[in-house]
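# Summary of the model geometry
Chain by chain, the residues run as shown.
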Amino acid sequence: MKDTIIALLKDTKRDGIEELIDCMEQGGFFEAPCSSDKHLAIEGGLAKHSLNVVHLMMDLNEALKANIPWDSIVICGLLHDLGKMGDHGKANYVKNVLKSGEASKAKPYKTNPNLIYLPHEIRSAMIVRSCIELSEDEETAILWHNGLYSTFKYDIPGKETPLYMVLHWADMWASRVTEQEGADG
């Protein structure tokens, strides 16, 4: 999975992509869970989710004849949740240990109380832009990818782009269908 993600990112040939991959490796992207207790709340869940989203975006792009550039699909699909790895040398999610000293089975991870909260969409765009240039459409798609479930819910209506919509629906399908317990995610 890690090799596939790195190969896809390198194939975009974006200036700074090697620096971004180093940032992902040092930041724990490939080991991080995707959520605290929902979809892919497992080690490596974030990388698995990101790859699922890219594949779904490619399928949607083809099915809808959306003509979204391949590199935009790879960049947005793989990096939309990058902020979930954490920042400033701190993980976004940490193991959720109960007062008894046992690991929680119901909620295996919790948001790191030692990392100042910032919506992951914003953190994702900030981290990506620190290494590579994003088009306006790519940056907006990353910032808005959670749609009406996000801080930007009042900003989106009437301004949707094909890239944003394909990213949003691929992310929703991956998290709500593909990656649900018992599904082949």
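Attention in this report is confined to the structure presented alongside it. Predicted model, so just to flag it, every value in this text is computed and none were measured. (Residues numbered from 1 in each chain as written. Predicted model: local features only at pLDDT ≥ 70, side-chain atom pairs only at ≥ 80, totals over all residues. Heavy atoms only, no water.)

### A look at the overall build of the protein chain
Along its length, the protein chain carries seven helices and four strands. Starting at the N terminus, the α and β elements of the protein chain follow one another as α-α-α-α-β-β-β-β-α-α-α. If you line up the protein chain on its principal axes, its C-alpha atoms span 55 × 35 × 30 Å. A buried classification covers 50% of the 185 residues belonging to the protein chain. For the protein chain, contacts bridging at least 24 residues in sequence account for 60% of all contacts bridging at least 6. Accessible surface, the protein chain as shown: approximately 9900 Å² in total, 52% of it carbon and sulfur. A gap of 8 Å separates the mean positions of the 19 positive and 28 negative side-chain charges of the protein chain. (Helix = DSSP H or I, 4+ residues; strand = E, 2+ residues; numbered from the N terminus. Buried < 20%, exposed > 50% of the residue type's maximum accessible area, 1.4 Å probe, protein only. Contact = heavy atoms within 4.5 Å. Areas by Shrake-Rupley, 256 points an atom, 1.4 Å probe, with all protein chains shown as cover. Lys, Arg positive; Asp, Glu negative; His and termini not counted. Charge placed at Lys NZ, Arg CZ, Asp CG, Glu CD.)

### Thoughts on unusual backbone geometry
In the Ramachandran plot, lysine 65 falls in the positive-phi region, its phi being about 50° despite a non-glycine side chain. Within the secondary structure, lysine 65 is located in the loop between helix 3 (45-64) and helix 4 (70-79). The exposure class of lysine 65 is exposed, given its relative accessible area of 65%. With a phi angle near 55°, histidine 88 is a residue other than glycine that sits in the positive phi range. By the secondary structure assignment, histidine 88 is in the loop between strand 1 (86-87) and strand 2 (90-91). Judged by relative accessible area, histidine 88 falls into the exposed class, the value being 63%.

### Some remarks on helix 6 (residues 136-144)
When helix 6 is considered as a whole, its buried residues turn out to be Glu138, Ala141, Ile142, Leu143 and Trp144. Contacts made by the buried residues of helix 6 are with helix 4, helix 5 (120-129) and helix 7 (162-178).

### Focus: the pattern of salt bridges
A complete count under the given rule lists eight salt bridges for this structure. In this structure, arginine 14 and aspartate 71 form a salt bridge, with 2.9 Å as the shortest nitrogen-oxygen distance. Highlighted residues: arginine 14 in the loop between helix 1 (2-11) and helix 2 (17-27) and aspartate 71 in helix 4, separated in sequence by 57 residues. Judged by relative accessible area, arginine 14 falls into the buried class, the value being 15%. Residue aspartate 71 is classed as partly exposed on the basis of its relative accessible area of 23%. In this structure, lysine 84 engages aspartate 81 in a salt bridge whose closest nitrogen and oxygen atoms are separated by 3.7 Å. There is no split in this pair, since lysine 84 and aspartate 81 are both buried. A single network of salt bridges, built from pairs that share partners, joins Arg14, Asp71 and Glu138. (Salt bridge = Lys/Arg side-chain N within 4 Å of Asp/Glu carboxyl O.)

### Topic: helix 4
Two residues of an α-helix separated by three or four positions point the same way, owing to the 3.6 residues in each turn. Taking burial as the measure, the ten residues of helix 4 include eight buried ones, the bulk of the element. For helix 4, the complete set of buried residues consists of Ser72, Ile73, Val74, Ile75, Cys76, Gly77, Leu78 and Leu79. Looking at the buried positions of helix 4, the neighbouring elements they touch are helix 1, helix 2, helix 3, helix 5, helix 6 and helix 7.

### So, the side chain of histidine 145
Assignment of secondary structure puts histidine 145 in the loop between helix 6 and helix 7. Judged by relative accessible area, histidine 145 falls into the buried class, the value being 0%. One polar contact links histidine 145 to histidine 120, side chain to side chain, over a distance of 3.3 Å. Among residues more than four places away in sequence, those in contact with histidine 145 are His80, Asp81, His120, Glu121, Tyr164, Leu167, His168 and Asp171. (Polar contact = N/O pair within 3.5 Å; in protein donor to acceptor, adjacent residues only side chain to side chain.)

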